[in-house]
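One letter stands for each residue in the lines below.
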Amino acid sequence: MANVTYDNVTKSFGDVVAVDRLDLEIEDKEFLVLVGPSGCGKSTALRCLAGLEEVTEGQIFIGDRMVNDVPPKDRNIAMVFQSYALYPHMSVYDNMAFGLKLRKTPKDEIVRRVQEAATILGIEMLLDRKPKQLSGGQRQRVALGRAIVREPAVFLLDEPLSNLDAKLRVQTRAELIRLHQRLGTTFIYVTHDQIEAMTMADRIVVLKDGLLQQVDTPQCLYDYPNNIFVAGFIGSPSMNFFDATLTGSGDDLTIDAGAVRIKVTDKIKSRLDDGKAGDKIICGIRPEDIYDPQFVPAGVNVFGVESTVDVTELMGNEIFLYLMVGDQPYAARVDPRCCFKAGDTIKMAFDIDNVHLFDAEAEGQPTILKGTS
């Protein structure tokens, strides 16, 4: 087992900087997820760790060993790709055992490792089959098994669930969490799906354009986003944003977003970093912090915003409402007992204590309101 360190790592392809000065410490036995949109550098960072890409600048350590110049086969890692990459002419057993055979592992040890991995993954009855006889989920388990038999210090997983249907992704997600708990090994997982990241990770690394935006636990990323990008990326539907200005002073300080005006409460003011009248800000509020006024939970401090319903999406356990306030669209997640339809006008209830304020003059910089509490 080993921790992993990226020390000021940069990877460039000509003039394109894919990973930009990445500093990151991954703890032993941690399940860390790299997340971000396509092209943000997450897969490149993983491939640099695996030795499949050469680092342009900086150093990578596995444990206390710098591995910049160590061949991939000697880094004691195992990688699972989006493509299953199974040999079609080999049985499941032979696919899982192939890497061990190349390393001249004793036959008895190969049998032990393959049987143990197959039992962990629930595919012991499939060992004699060929890949074409397996479902997508079973092939993914074989690809995982091929990595497990290596008994590596670090597992690297590059979007391994992308080829699975929605139901199987949820099932396999749970299996990967159990697998990590059972193996007690460092997992580094790449995905563009923030739901996968939130449900699986001990910590999440959010990347954009090769730059690290924030690294924290899933709940802290949700509650305390460092900037607008993180706030909008984490959460589904994403956070609503309103361009606004701080007006008034003292006890009368107000967030003025045109059709939305919010009086700054003591709770907000206690977390406001030197905000003053005239500051241009961006006000954010999550859809789940907006309520049908009939179903506001006890103890929630709300204010009303006159809105028009544009689209409704019934999800069964909740309803997604897409609304307009003035010419500003926004989304809300409301109680399934709500009976709104397109064209209705309603005064939606915003949770005043759960607004986030961002500095509009410094895009990508820390918030002037340090999240919610």
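Residues numbered from 1 in each chain as written. Predicted model: local features only at pLDDT ≥ 70, side-chain atom pairs only at ≥ 80, totals over all residues. Heavy atoms only, no water.

Digging into helix α4 (residues 136–148)
Three- or four-residue spacings in an α-helix give side chains the same orientation, since the helix completes a turn every 3.6 residues. Stated precisely, the cut-off is as follows: Counting from the N terminus, the helices are the DSSP runs of H or I reaching at least four residues and the strands are the DSSP runs of E reaching at least two. A helix is expected to span 1.5 Å for every residue after the first. Throughout this description, buried means an accessible area under 20% of the type-specific maximum (1.4 Å probe, protein chains only), exposed means over 50%, and partly exposed covers the range between. By definition in these notes, contact holds between two residues if any of their heavy atoms fall within 4.5 Å.
With 13 residues, α4 ought to run about 18 Å at 1.5 Å a step, and its terminal C-alpha atoms sit 18 Å apart, in line with that. Those residues of α4 that fall on the buried side of the exposure criterion are Gly 137, Gln 140, Arg 141, Val 142, Ala 143, Leu 144, Gly 145, Ala 147 and Ile 148. Summarising the contacts, the buried residues of α4 are in contact with β6 (77–80), α2 (92–102), α3 (107–121), β7 (154–158) and α5 (166–183).

Let's talk about the environment of Ala 18
For Ala 18, the position within the fold is in strand β2 (residues 16–26). Distance from Ala 18 to Leu 211, taken between C-alpha atoms, is 8.6 Å for residues 193 residues apart in sequence. Ignoring sequence-local partners within four residues, the contact set of Ala 18 consists of Lys 11, Ser 12, Phe 13, Cys 40, Gly 41, Thr 44 and Gly 210.

Quick word on the packing of α2 against α4
A pair of packed helices is captured by two measures, namely the crossing angle of their axes and the spacing between those axes. Keep this limit in mind: Helix axes are fitted to C-alpha atoms over the stretch in contact, other axes to C-alpha atoms as well, and angles between N-to-C directions run from 0 to 180 degrees. An angle below 35 degrees is treated as roughly parallel, one above 145 as roughly antiparallel, one from 65 to 115 as roughly perpendicular, and anything else as oblique. Put simply, a crossing is left-handed when the front helix is turned counterclockwise from the back one by less than a right angle, and right-handed when it is turned clockwise. Polar here means any residue outside two lists: the nonpolar Ala, Val, Leu, Ile, Met, Phe, Trp, Tyr, Cys and Pro, and the charged Asp, Glu, Lys and Arg; Gly therefore counts as polar.
It is the contact of α2 with α4, at a shortest axis distance of 8 Å, that shows an interaxial angle of 30°. By the criterion of interaxial angle, the relationship of α2 to α4 is roughly parallel. Of the two elements, α2 crosses α4, and the hand of that crossing is right-handed. From α2, Val 92, Asn 95 and Met 96 reach across to α4, where they touch Val 142, Gly 145 and Arg 146. Its residues assigned to classes, the contact of α2 with α4 shows three nonpolar, two polar and one charged.

Here we look at the state of the cysteines
As used in these notes, a disulfide is a covalent bond between sulfur atoms, one from each of two cysteines. Convention followed: Note on terminology: disulfide denotes any pair of cysteine sulfur atoms within 2.5 Å.
Summed over all chains, the structure comprises zero disulfides. Of all cysteine sulfurs in the structure, the one in Cys 338 sits closest to Cys 339, which takes part in no disulfide; the separation is 7.3 Å. The exposure class assigned to Cys 339 is exposed, which follows from its relative accessible area of 66%.

A look at the nonpolar core
Using the following cut-off: Only buried residues count toward a nonpolar core, which is a set of Ala, Val, Leu, Ile, Met, Phe, Trp, Tyr and Cys residues joined through side-chain atoms within 4.5 Å.
Membership of the largest hydrophobic core comes to 46 residues, with the highest contact counts inside it found for Met 96, Leu 157, Leu 176 and Tyr 189. Membership of the second largest hydrophobic core comes to 32 residues, among which are Ile 262, Val 334, Ile 346 and Met 348.

Some words on the pairing of strand β9 (residues 203–208)
Stated formally: Whether two strands pair comes down to DSSP finding at least two bridges between them.
Note: strand β3 (residues 31–35) against β9, four bridges, orientation parallel. In the strand pairing of β9, Val 35 is matched with Val 206. The pairing of β9 with strand β10 (residues 211–216) spans five bridges and is classified as antiparallel. For Ile 204, the partnering residue across the bridge sits in β10 and is Asp 216. Linking β9 back to β10 in an antiparallel pair, the connection comprises two residues, with Asp 209 at a positive phi of about 55°.

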